[in-house]
Amino acid sequence: MPASRGTKVVTKNFGNEAAKAIAGYESLGGYASLKKAFSMKPQEITDEVKKSNLRGRGGAGFPAGMKWGFLPKDAKTVYLVCNADESEPGTCKDRELIYWDPHQLIEGMIASSYALGCHHAYIYIRGEMMREVLVLKQAVDEAYSRGYLGKNLFGTGFDLDLTVHRGAGAYICGEETSLLNSLEGKRGWPRLKPPFPAVKGLFGEPTIVNNVETLSNVPHIIQNGGQWFADLGVGKSGGTRILCVSGHVNRPGVFELPMGITTRELIFDVCEGVPAGRKVKAVIPGGSSMPPLNESELDVPIEFDALMTDPRIKEVEVSPGVKFDMGGGRTLRTMAGSGGVVVMDDSTDIVAACARIMRFYAHESCGQCTPCREGSGWLARVCTRLAEGNGKPGDVDLLASIAHGIAGNTICALGDAAAWPMLGFLTKFRSDFEAKLALSPAAKAATEAKRRIA
Ligand SMILES: Cc1cc2nc3c(=O)[nH]c(=O)nc-3n(C[C@H](O)[C@H](O)[C@H](O)COP(=O)(O)O)c2cc1C
Ligand code: SF4
């Protein structure tokens, strides 16, 4: 049955302090899925996860079961790493999942580790999330003392250790290969892929990296079956979705919602509309690395596939010779990302907002590859000077050309994370950029010079 607005799977214990302690969690039915999991063959669990259409909630929406299936069959040592680095502007769900329901994540990791043949799992958590680190460490200690972690789980002979590792607060360490380097004690630089972590990951061994929300769903899939989870969702996206809404709405917050909810329903029903009844101008659907939607696109469901491809939207030339193409026939050219929805009303200075985003990515670029290191800095500088009314003639096309030069040409997707929103803002709000340019003394002088020559 498809999820309704009242369906709560992973957030059902939010607000319930009792669920944080292991006894309270168990009394709410927690850890029950493990008995079932350990009575199944590991491959049967992977099959259920495949059937469930669980897609990664960390950004790319990659099918979790398919990723698990990429592990080499003869792997002797396998690692599972939970990505709890959560740093994407607009996204703030993983910290809530850890804070309110740490045992749900641990339960998901135990079942997943058993399915994958992993005997040492890690949670890499963003260093600044101290409140959540303390909750998580306490929960891990409790799980050890109850025998859910350690040796011979459920009398099966299966051993599992779980280590909580604090990062040092670099956005790039959320990128999975950078995270693995950081976990190994190295500089947090992304690795070239392939090889993908499932083949060569932590300490050179096959490794599965999954997001907190992805793994928190696993106990429910085991308990209720993959088909149940698939039926909750829509199309090839199973389950519910946590959306974190910020910006110009009357009721911002973190909400678990049906997968097929549209942006309009989210803003006007769930979040009770826009303050002072203003109009929506732009919506970032999945964290700041995702290109924005405009007002005409609010009826598209915030679902992985729908947000990428909407037949109503045609290919657009951003500036002469520069087409905005994210590849794979993505006509709407955005993604559901990590669920961070940022709403901007019609009072928003779009160029200033875009410049702020560009400065973030320029600051967070690790500097390893030239298009991202140099390009993100140029995007930030040129966009900022435009926003401040100091643009130069040609700046709007220059932004498009720099972004186009970055997209798809870097070691990791941070380059795209800067380039895609830039191209998206330019495609949908070009007139705002032109209007800013027209304000600048350099543009005024150029217009005047042209007038005199004519
Ligand atoms: C620059 C960058 C930052 C990322 N940050 C995060 C993050 O904070 N949390 C996360 O789960 N995934 C993040 N990702 C995605 C991870 O690389 C990886 O795809 C994800 O953890 C896989 O988990 P999933 O399949 O369950 O989504 C980031 C990717 C990039 C390129
Ligand atoms: S794309 Fe940017 S963040 Fe990623 S490796 Fe290259 S320089 Fe570093």
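Residues numbered from 1 in each chain as written. Chains lettered and ligands numbered in written order. Predicted model: local features only at pLDDT ≥ 70, side-chain atom pairs only at ≥ 80, totals over all residues. Heavy atoms only, no water.

Q: How would you sum up the overall build of the chain? Please name residues and give values.
A: Secondary structure assignment for the chain yields 18 helices and twelve strands. For 454 residues, the compact-globule formula gives about 22 Å, and the C-alpha radius of gyration of the chain, at 23 Å, lands near that figure. Summarising its shape, the C-alpha atoms of the chain cover approximately 90 × 45 × 40 Å along the three principal directions. Per-residue burial for the chain yields a buried fraction of 58% across its 454 residues. Here the chain displays about 18,000 Å² of accessible surface, and carbon together with sulfur accounts for 55% of that area. (Helix = DSSP H or I, 4+ residues; strand = E, 2+ residues; numbered from the N terminus. Rg over C-alpha atoms; globule rule 2.2 N^0.38 Å. Buried < 20%, exposed > 50% of the residue type's maximum accessible area, 1.4 Å probe, protein only. Areas by Shrake-Rupley, 256 points an atom, 1.4 Å probe, with all protein chains shown as cover.)

Q: For the site of ligand 1, give the residues involved together with the corresponding values.
A: As a matter of local geometry, ligand 1 sits amid 18 residues, with G58, K67, N83, N211 and T214 nearest to it. Here an oxygen atom of ligand 1 and a side-chain polar atom of N83 are 2.9 Å apart. Contact between ligand 1 and G174: a nitrogen atom at 3.3 Å from a main-chain N or O atom of the residue. Coverage of ligand 1 by the protein chains reaches 88% of its 610 Å² of free accessible surface. Top contributing element to the shell around ligand 1 by residue count: strand β5 (residues 207–211), with three residues. Residues belonging to the shell around ligand 1 are distributed by class as follows: four nonpolar, eight polar and six charged. (Near = heavy atom within 4 Å. Polar contact = N/O pair within 3.5 Å; in protein donor to acceptor, adjacent residues only side chain to side chain. Nonpolar A, V, L, I, M, F, W, Y, C, P; charged D, E, K, R; others polar.)

Q: Outline the pattern of salt bridges, supporting the account with residue identities and numerical values.
A: Within this structure, the stated rule accounts for 28 salt bridges. Of the charged contacts in the structure, one is a salt bridge between E213 and R57, with a shortest N-O distance of 3.4 Å. One end of the pair, E213, is in helix α9 (residues 212–216); the other, R57, is in the loop between α3 (42–51) and α4 (64–69), with 156 residues separating them in the sequence. Comparing E213 with R57, the two get one shared label, buried. A salt bridge links E184 to K186, with the shortest nitrogen-to-oxygen separation between them at 2.6 Å. Judged by its relative accessible area of 18%, E184 falls in the buried class. (Salt bridge = Lys/Arg side-chain N within 4 Å of Asp/Glu carboxyl O.)

Q: Could you give an account of the domain arrangement of the chain, with specific residues and numbers?
A: Each domain of the chain was delimited in the assignment, giving domain 1 (17–232), domain 2 (239–347) and domain 3 (349–454). Taking the mean C-alpha position of each, domain 1 and domain 2 sit 28 Å from one another. Contacts between domain 1 and domain 2 engage 18 residues on the former and 22 residues on the latter. It is R55, R57 and E88 in domain 1 that bury the most area against domain 2; as a group they hold 31% of the surface buried on that side. Our count for the domain 1 to domain 2 interface comes out at one salt bridge. (Domains from an automatic or database assignment. Contact = heavy atoms within 4.5 Å. Buried area = accessible area lost by both parts, 1.4 Å probe.)

Q: Help me get a handle on the side chain of S440, residues and values and all.
A: Note that S440 resides in the loop between α17 (414–439) and α18 (441–453). Among the residues examined, S440 registers a relative accessible area of 0% and is labelled buried. When sequence neighbours within four positions are dropped, the list of residues in contact with S440 reads G389, N390 and G391.

Q: Could you give an account of the sheet that holds β5, naming the residues involved and the relevant values?
A: Strand-to-strand pairing in sheets goes through backbone hydrogen bonds, with the strands running parallel or antiparallel. Taking strand neighbours across the sheet as the criterion, the five strands line up as β3-β4-β2-β1-β5 in an open arrangement whose pairing is mixed. Each having just a single partner strand, β3 (150–153) and β5 make up the two edges of the open sheet. Averaged over all pairs of adjacent strands, the angle between strand axes in this sheet comes to 25°, irrespective of strand direction. Where β3 and strand β4 (residues 158–166) come together, two bridges link them in antiparallel fashion. Directly across from L153, in β4, lies its bridge partner F158. (Pairing = 2+ DSSP bridges. Axes fitted to C-alpha atoms, helices over the stretch in contact; angles between N-to-C directions.)

Q: Before we move on, can you summarise the nonpolar core with the specific residues and values?
A: Across soluble globular proteins, nonpolar side chains show a tendency to be buried alongside one another. Ranked by internal contacts, the top residues of the largest apolar core, which has 57 residues, are Y31, I106, M109 and I110. Broken down by element, the residue count for this core peaks at eight residues, all from helix α6 (residues 102–116). Discounting residues that sit within four places of it in the chain, Y31 has contacts with I22, Y25, E26, H103, I106, E107, I110, A143 and Y148. Counting 53 residues, the second-largest nonpolar core is a separate cluster that includes I357, L379, L386 and F425. (Core = buried A, V, L, I, M, F, W, Y, C linked by side-chain atoms within 4.5 Å.)

Q: Kindly report on the pairing of β4, identifying the contributing residues and their values.
A: Bridge count for strand β2 (residues 120–125) against β4 is six bridges, and the pairing is parallel. If you follow A121 over to β4, its bridge partner there is L162. Connecting the antiparallel pair β3 and β4 is a turn made up of four residues, with F154 showing a positive phi of about 55°.

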